[in-house]
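# Results of the structural survey
Residue strings, one per chain:
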Amino acid sequence: MDVKRAKDIYASKDSIAVHLDGQPVWIEHVDGDNGMATVQVGSRPDNTVTVGVDRLEEQGR
């Protein structure tokens, strides 16, 4: 995924499926300058990681 798409998904009112290493994630923040995103892994709000947006995969696209 690229930074623009990650920002679009983050700003969208729709629920768009995104995975990181096969696990569902929610995008919580996108750092466009550094190409990074902070995501919540699964349904646990305390399980967040910051990764390169290129590691994120949009499902069904």
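Structure: see above.
Residues numbered from 1 in each chain as written. Predicted model: local features only at pLDDT ≥ 70, side-chain atom pairs only at ≥ 80, totals over all residues. Heavy atoms only, no water.

As a further point, take the overall build of the chain. For the chain, the helix and strand inventory stands at 1 helix and 5 strands. Along the chain, helices (α) and strands (β) appear in the sequence α-β-β-β-β-β when read from the amino end. Here the C-alpha radius of gyration of the chain, 10 Å, is about what a compact globule of 61 residues would show, namely 10 Å. Expressed along its principal axes, the backbone C-alpha trace of the chain runs to roughly 25 × 25 × 20 Å. Taking all 61 residues of the chain together, the buried fraction comes to 28%. Considering only contacts in the chain between residues 6 or more positions apart, those separated by 24 or more positions represent 35%. The centroid of the 7 positive side-chain charges in the chain is displaced by 4 Å from the centroid of its 11 negative side-chain charges. (Helix = DSSP H or I, 4+ residues; strand = E, 2+ residues; numbered from the N terminus. Rg over C-alpha atoms; globule rule 2.2 N^0.38 Å. Buried < 20%, exposed > 50% of the residue type's maximum accessible area, 1.4 Å probe, protein only. Contact = heavy atoms within 4.5 Å. Lys, Arg positive; Asp, Glu negative; His and termini not counted. Charge placed at Lys NZ, Arg CZ, Asp CG, Glu CD.)

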